[in-house]
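As a plain string of letters, each chain reads:
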Amino acid sequence: GFFKYFNFFADNARALAHLIGWNLPLPVLQVLLPIGLSFHVFQSLSYTIEVYRGNQAPERHLGIYALYVMFWPQLVAGPIERPQNLLPQFHAEHRFSAEDAQAGMRRMLWGFFKKIVVADTAAGLVAPVFARPGDHAGVTIAAAACFFAIQIYCDFSGYSDIALGAAKAMGFRLMENFKQPYFARSIQEFWTRWHISLSTWFRDYVYIPLGGNRVSKARWSLNLLIVFVVSGLWHGANWTYIVWGGLHGGYLMAGIWTEGLRQRLYALTGLTRAPRLLAALQGAAVFGLVTFAWIFFRAPSLADAWTMVSRLPVGLGAQLTSPARFGEALRGLGGDVTYLVIAVLATLVVAVGDAALRRPDFTARWSAQPRWVRWGCYEAGIFAILLLGVYDNQAFIYFQF
């Protein structure tokens with residue numbers, strides 16, 4: 001609370017005092033945020049709560065407990081593990097496994113591709129628009145928001161892939177943190193696929209103790225809103241994160257209250273007889289809502305976020321109906337057309353690759369491929385990272401949390 005939120009609450013307290021004509025001389029502290037603070041605190045809380053509830057025996061070995069809190073592959077940005085999964089692995093004997101080492105390095109290679117080629121390329125397209133939102137409008141802002149959605153997914157899931165791969169190479173199994181969230185058909189499903197270790201943490205330790213959905217519909221909606229506002233505040237001491245969390249809470253509340261209406265609408269329009277079309281429309285709606293919320297997550301301030309939202313409709317119709325204007329709007333993104341093409345094509349590769357990795361029989365099917373196919377893919381991935389990657393000291397986004 002001190003390291004992450006002292007300055008935030010001090011700034012807001014000073015602003016509130018100023019409104020009533022009171023000078024409140026609270027200091028601004030220039031302190032360094034300890035590495036991985038939010039993640040290892042939540043992992044420690046998970047252990048404490050599980051022991052308190054009687055679901056986990058206390059760990060008597062200080063070294064093993066310290067390893068649980070500070071296990072290096074997932075220390076900086078998760079996944080946030082539970083003691084039931086990780087502590088028994090630290091007590092077990094681990095011997096070198098060539099199969100685990102190969103699978104781990106393969107997963108790490110995939111993570112580096114997502115981070116260095118896709119996320120960092122997309123970052124170059126996104127940053128100039130968010131830095132000067134008043135200079136852009138319409139398709140340019142919409143494209144920047146979409147590319148940020150791609151950037152943050154490939155950045156964060158890429159880190160998770162690297163963490164899971166590094167642990168796997170040593171014989172440890174960490175929980176999966178992402179399951180193709182942008183293919184979700186509802187906001188609720190999105191949160192079962194995005195940052196799974198955090199969403200389940202809030203579910204088990206905040207949402208369910210508040211009553212979960214075992215209460216009236218009004219209280220259920222309030223519980224969801226509380227959880228997501230707190231989740232937004234967890235991400236950072238800025239009102240932009242609180243609004244981002246509030247939006248997702250609002251989406252879920254709207255989903256609860258409009259469930260019956262939407263089902264009647266699907267039946268009335270005949271969409272229930274076209275399940276693939278319905279799934280595509282639902283997926284597009286979810287992606288649009290999530291991407292809109294990402295504007296607040298990425299913007300430096302609420303004023304910048306509002307500027308982007310207010311300028312989003314400006315000239316949008318003309319740009320969408322005119323290929324020339326549409327192309328001009330895309331050129332308003334940072335970088336040149338080459339980066340745009342690389343980002344789009346690499347995103348398609350990630351979509352196909354993530355779908356393949358999610359198959360339960362992936363390892364067996366991959367091992368059955370001829371050696372030239374497997375090693376050809378490894379070398380193609382390495383060369384793509386070396387030749388197409390962006391090397392500008394772009395830190396992982398979630399390192400700041």
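Refer to the structure printed above.
So, how was this worked out
Residues numbered from 1 in each chain as written. Predicted model: local features only at pLDDT ≥ 70, side-chain atom pairs only at ≥ 80, totals over all residues. Heavy atoms only, no water. Helix = DSSP H or I, 4+ residues; strand = E, 2+ residues; numbered from the N terminus. Rg over C-alpha atoms; globule rule 2.2 N^0.38 Å. Buried < 20%, exposed > 50% of the residue type's maximum accessible area, 1.4 Å probe, protein only. Contact = heavy atoms within 4.5 Å. Areas by Shrake-Rupley, 256 points an atom, 1.4 Å probe, with all protein chains shown as cover. Lys, Arg positive; Asp, Glu negative; His and termini not counted. Charge placed at Lys NZ, Arg CZ, Asp CG, Glu CD. Axes fitted to C-alpha atoms, helices over the stretch in contact; angles between N-to-C directions. Parallel < 35°, antiparallel > 145°, perpendicular 65-115°, else oblique. Left-handed = near helix turned anticlockwise from the far one by under 90°. Expected span 1.5 Å × (residues − 1). Salt bridge = Lys/Arg side-chain N within 4 Å of Asp/Glu carboxyl O. Core = buried A, V, L, I, M, F, W, Y, C linked by side-chain atoms within 4.5 Å.

1. Concerning the overall build of the protein chain
Moving on, step 1. Scanning the protein chain from N- to C-terminus turns up 18 helices and zero strands.
Moving on, step 2. Taking 2.2 N^0.38 as the reference for a compact globule, 401 residues should give roughly 21 Å; the C-alpha atoms of the protein chain span a radius of gyration of 23 Å, in line with that estimate.
Moving on, step 3. Referenced to the eigenvectors of the C-alpha coordinate spread, the extents of the protein chain come out at roughly 65 × 60 × 50 Å.
Moving on, step 4. Across the 401 residues that make up the protein chain, the buried fraction comes to 46%.
Moving on, step 5. Counting only contacts in the protein chain whose residues sit at least 6 apart along the sequence, the fraction spanning at least 24 positions is 73%.
Moving on, step 6. In the structure as shown, the protein chain presents an accessible area of about 20,700 Å², 66% of it carried by carbon and sulfur atoms.
Moving on, step 7. If the 33 positive side-chain charges of the protein chain are averaged to one point and the 22 negative ones to another, these points end up 8 Å apart.

2. Points about the environment of aspartate 392
Moving on, step 1. Note that aspartate 392 resides in the segment after helix 18 (371–388).
Moving on, step 2. The exposure class assigned to aspartate 392 is partly exposed, which follows from its relative accessible area of 42%.

3. Examining the packing of helix 8 (residues 196–207) against helix 9 (residues 217–235)
Moving on, step 1. Axis separation between helix 8 and helix 9 bottoms out at 11 Å; the angle between their running directions is 125 degrees. In terms of orientation, helix 8 and helix 9 fall into the oblique class. In this structure, helix 8 crosses over helix 9, and the sense of that crossing is right-handed. Packed against helix 8, whose contacting residues are Leu198, Phe202, Val206 and Tyr207, the element helix 9 presents Trp220, Asn223, Leu224, Val227, Val230, Ser231, Trp234 and His235 at the interface.

4. Things to note about helix 12 (residues 275–298)
Moving on, step 1. In this model, helix 12 (24 residues) spans 34 Å end to end at C-alpha, consistent with the 34 Å of a helix rising 1.5 Å per residue.
Moving on, step 2. Every buried residue of helix 12 is accounted for by Leu278, Gln282, Gly283, Val286, Val290, Thr291, Ala293, Trp294, Ile295, Phe296 and Phe297.

5. Thoughts on the pattern of salt bridges
Should their charged atoms come close, side chains of opposite charge can pair.
Moving on, step 1. Per the counting criterion, the structure on display carries 17 salt bridges.
Moving on, step 2. We note a salt bridge from arginine 95 to glutamate 93, for which the minimum N-O separation is 3.0 Å. The same class applies to arginine 95 and to glutamate 93, which are both exposed.
Moving on, step 3. The residue lysine 115 makes a salt bridge to aspartate 120 at a minimum N-O spacing of 3.0 Å. The same class applies to lysine 115 as to aspartate 120, namely buried.
Moving on, step 4. Within this structure, Arg107, Lys114, Asp161, Glu176 and Asp354 form a network of salt bridges that share partners.

6. Side note on the nonpolar core
Moving on, step 1. Judged by nonpolar contacts, the single largest core of 81 residues is most densely connected at Phe147, Trp194, Trp294 and Tyr398.
Moving on, step 2. Looking at this core element by element, the count peaks at 15 residues for helix 6 (residues 139–169).
Moving on, step 3. In this view, tyrosine 398 contacts Phe39, Val76, Ala77, Ile152, Asp155, Phe156, Trp194, His195, Trp234, His235 and Phe297; residues no more than four positions away in its chain are not counted.
Moving on, step 4. In this structure, Val69, Leu87, Phe90 and Phe172 belong to the second largest nonpolar core, which totals 12 residues.

7. Points about unusual backbone geometry
Moving on, step 1. Omega for the peptide link from glycine 78 to proline 79 comes to 10 degrees, which places this bond in the cis form.
Moving on, step 2. Assignment of secondary structure puts proline 79 in the loop between helix 3 (62–70) and helix 4 (83–91).
Moving on, step 3. Despite not being glycine, glutamine 180 shows a phi value in the positive range, around 45 degrees.
Moving on, step 4. Summarising the element assignment, glutamine 180 is placed in the loop between helix 6 and helix 7 (187–190).
Moving on, step 5. Positive phi, normally seen in glycine, also occurs at histidine 195, with a value near 40 degrees.
Moving on, step 6. Inspection of the secondary structure assignment puts histidine 195 in the loop between helix 7 and helix 8.

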